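Listed below, chain by chain, are the residues.
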Amino acid sequence: MRGSRRINEERTTLKISVVEGSSSEIGFEPVGTSFVVEGGDWLTLELPVSVVADVEIVAWPNGLAVWVPFHGDYLVRDSSGNELDRL
């Protein structure tokens, strides 16, 4: 079920940073949600440890595409820890 967590499932957080003095669009696929992040700032992606090896990050000019296994339990936060989206 989307957004549900299995009890006692171990989780981790990936930090996705943008170089100071630039901005980048960070998109999460296959969901298709994206955020513009200014230089020196970052997003975090909280996810189950069991799927980390299946995450693919693709760089393109002025952005990143972060591919996660579809139908998962992922949480995107800004650098202040505010929840931006649940994928």
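Please refer to the structure higher up on the page.
Now for a quick tour of the structure. (Residues numbered from 1 in each chain as written. Predicted model: local features only at pLDDT ≥ 70, side-chain atom pairs only at ≥ 80, totals over all residues. Heavy atoms only, no water.)

1. So, the packing of aromatic side chains
Here is step 1 of the chain: All told, the structure shown has one aromatic pair when counted by the stated rule.
Here is step 2 of the chain: For the pair Phe 28 and Phe 35, a centre-to-centre distance of 6.3 Å together with 65° between the ring planes defines the contact as edge-to-face.
Here is step 3 of the chain: Of note, Lys 15 hangs over the ring of Trp 42, and the distance from its end group to the ring centre comes to 4.2 Å. (Phe/Tyr/Trp six-rings, centres within 6.5 Å; stacked < 30°, edge-to-face > 60°. Lys NZ or Arg CZ within 6 Å of the ring centre and 35° of its normal.)

2. Here's the deal with the sheet that holds strand 1 (residues 11-17)
Here is step 1 of the chain: If you walk across this open sheet you meet the four strands as 1-4-7-8, and the pairing is antiparallel. Looking along the sheet, the strands with just one partner apiece sit at the ends: strand 1 and strand 8 (83-86). Strand-to-strand twist of the sheet, defined as the mean angle between neighbouring strand axes without regard to direction, takes the value 20°.
Here is step 2 of the chain: Direction of pairing for strand 4 (residues 42-48) relative to strand 7 (residues 75-78): antiparallel, over a ladder of four bridges. Following the sheet pairing, Thr 44 is matched in strand 7 by Arg 77. (Pairing = 2+ DSSP bridges. Helix = DSSP H or I, 4+ residues; strand = E, 2+ residues; numbered from the N terminus. Axes fitted to C-alpha atoms, helices over the stretch in contact; angles between N-to-C directions.)

3. Thoughts on unusual backbone geometry
Here is step 1 of the chain: Cis peptide bonds are those with omega within 30 degrees of zero, and the linkage from Glu 29 to Pro 30 qualifies with 10°.
Here is step 2 of the chain: Its place among the elements puts Pro 30 in the loop between strand 2 (23-29) and strand 3 (33-38).
Here is step 3 of the chain: The residue Asn 62 is not glycine, and still its phi comes out positive at about 65°.
Here is step 4 of the chain: Checked against the element boundaries, Asn 62 lands in the loop between strand 5 (56-60) and strand 6 (63-67).
Here is step 5 of the chain: Given the relative accessible area of 60%, Asn 62 is considered exposed.
Here is step 6 of the chain: A positive phi angle, close to 60°, is found at His 71, a residue other than glycine.
Here is step 7 of the chain: Looking at the secondary structure, you find His 71 in the loop between strand 6 and strand 7.
Here is step 8 of the chain: Owing to a relative accessible area of 60%, His 71 belongs among the exposed residues under this scheme. (Buried < 20%, exposed > 50% of the residue type's maximum accessible area, 1.4 Å probe, protein only.)

4. Quick look at the nonpolar core
Here is step 1 of the chain: Of all hydrophobic cores here, the largest spans 17 residues; its most connected members are Ile 26, Phe 28, Leu 43, Leu 45, Val 66, Tyr 74 and Val 76.
Here is step 2 of the chain: Mapped by element, the contributors of at least two residues to this core are strand 2, strand 3, strand 4 and strand 6.
Here is step 3 of the chain: With three residues, strand 4 is the largest single contributor of residues to this core.
Here is step 4 of the chain: Apart from the residues lying within four places of it in its own chain, the contact partners of Val 66 are Ile 16, Ile 26, Gly 27, Phe 28, Glu 29, Leu 45, Val 55, Glu 56 and Ile 57. (Core = buried A, V, L, I, M, F, W, Y, C linked by side-chain atoms within 4.5 Å. Contact = heavy atoms within 4.5 Å.)

5. Points about the pairing of strand 3
Here is step 1 of the chain: Here strand 3 shows a clear split, with Thr 33, Phe 35 and Val 37 buried on one side and none of Ser 34, Val 36 and Glu 38 buried on the other.
Here is step 2 of the chain: Relative to strand 3, strand 2 runs antiparallel, the two being bridged by six bridges. Each residue of the ladder has a partner; that of Glu 25, found in strand 3, is Val 36.

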